[in-house]
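Residue-level listing of the chains:
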Amino acid sequence: MAKKIQITNNIRRLRFFANEMTQQQLAEKVGVSRQTIIAIEAGKYSPSLELAFKVAATFGVNIGEVFDYEIIE
Amino acid sequence: MSYHEKRAIASMITWTLILLAYCTYTFRKYQLGVIATDDMKSWSSTILLFIGVGIVAAIIIQILFHILLSVAVTVQEKKRNGTCDDKEIQKTIESDMVTDEMNQLIELKSMRIAFIVVAIGFVTALLSQVLNYSSTVMLNIMFVSFLIGSLSGELTQLYFYRKGVNNG
């Protein structure tokens, strides 16, 4: 049986290093609601690949630096 | 609480009110003997009436909800930043109302739950005919299952907004 994975992210840290970018500012840049950014940051929602790339592009980093995964046993 | 959660609550209130109004109205009429168990015409007209009332009530409650939301956002923004103008307030309201991929996913999942509830209601309604109940029982089961289906769809939305949602 395929193992389950948990998507983790560094958005909070990346926002901090991007001049304390607010969740609202990030939401506007990637074209989603602030609620969605909150959910992604809290690990309550795994974004689509398109949105994940948009977030990474906003911070000017690779997607792997924004999102990572953990295998759940 | 986000705009979408508040809207789901407003819709839940609407469906609950319609359901309660329908149950109270028909129960009273039935007790007074105005509607007989087999009077298909009366039951149909009552249900048609409540479909109309439901649509009007849903529109009115949504309008009231959006007015109250705009007032609440304006007051909140003015309190937070006394010098903010109408454009900024408008921008805040619009950014709250954005429908993105997460909202669409939640809507899709909640619609699936609503559809399942309606399907169960439909099968139950058919079963009532097999068990020789009156046709009006079938009609009532189907109407109530539509209302409960809508209600459970909104409840599911609220649940996913609180708990979170994953693809797949």
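Procedures and definitions
Residues numbered from 1 in each chain as written. Chains lettered and ligands numbered in written order. Predicted model: local features only at pLDDT ≥ 70, side-chain atom pairs only at ≥ 80, totals over all residues. Contact = placed C-beta atoms within 7 Å. Helix = DSSP H or I, 4+ residues; strand = E, 2+ residues; numbered from the N terminus. Nonpolar A, V, L, I, M, F, W, Y, C, P; charged D, E, K, R; others polar. Core = buried A, V, L, I, M, F, W, Y, C linked by C-beta atoms within 7 Å. Buried ≥ 20, exposed ≤ 12 C-beta atoms within 10 Å, placed from the backbone. Axes fitted to C-alpha atoms, helices over the stretch in contact; angles between N-to-C directions. Parallel < 35°, antiparallel > 145°, perpendicular 65-115°, else oblique. Left-handed = near helix turned anticlockwise from the far one by under 90°.

Looking at the interface of chain A and chain B
Now for step 1: Of the residues lining the interface, 13 residues belong to chain A; the matching set on chain B comes to 12 residues.
Now for step 2: Every element with two or more residues in the side of chain A that touches chain B is listed here: helix H2 (23–30) and helix H3 (34–41) of chain A.
Now for step 3: Considering each element in turn, the side of chain A that touches chain B owes the most residues, 4 residues, to H3(A).
Now for step 4: Class assignment of the residues belonging to the side of chain A that touches chain B gives a composition of 4 nonpolar, 6 polar and 3 charged.

Here we look at the nonpolar core
As a rule of thumb, nonpolar side chains are buried together in soluble globular proteins.
Now for step 1: Among the nonpolar cores identified, the biggest contains 18 residues, and Ala27(A), Val30(A), Val32(A), Ile37(A), Ile40(A) and Val55(A) are the most heavily contacted of them.
Now for step 2: At the level of elements, H2, H3 and helix H4 (49–59) of chain A together with helix H4 (101–130) and helix H5 (135–163) of chain B are the ones that each hand at least two residues to this core.
Now for step 3: Leaving out residues up to four positions away in the same chain, Val30(A) has contacts with Leu51(A), Lys54(A), Val55(A) and Thr58(A).
Now for step 4: Listed in part, the 7 residues of the second largest apolar core include Trp15(B), Ile18(B), Leu147(B) and Leu151(B).

Things to note about the packing of helix H1 (residues 3–32) of chain B against helix H2 (residues 40–80) of chain B
All names here are of chain B.
Now for step 1: Direction vectors running N to C along H1 and H2 enclose 150°, while the axes themselves pass 10 Å from each other. With respect to H2, the element H1 is oriented roughly antiparallel. Here H1 runs over H2; the crossing is right-handed. For the pair formed by H1 and H2, the contact residues are Tyr3, Lys6, Arg7, Ala10, Ile13, Thr14, Leu17, Ile18, Tyr22 and Thr26 on the first element and Thr46, Phe50, Gly54, Ala57, Ala58, Ile61, Gln62, Phe65 and Leu69 on the second.

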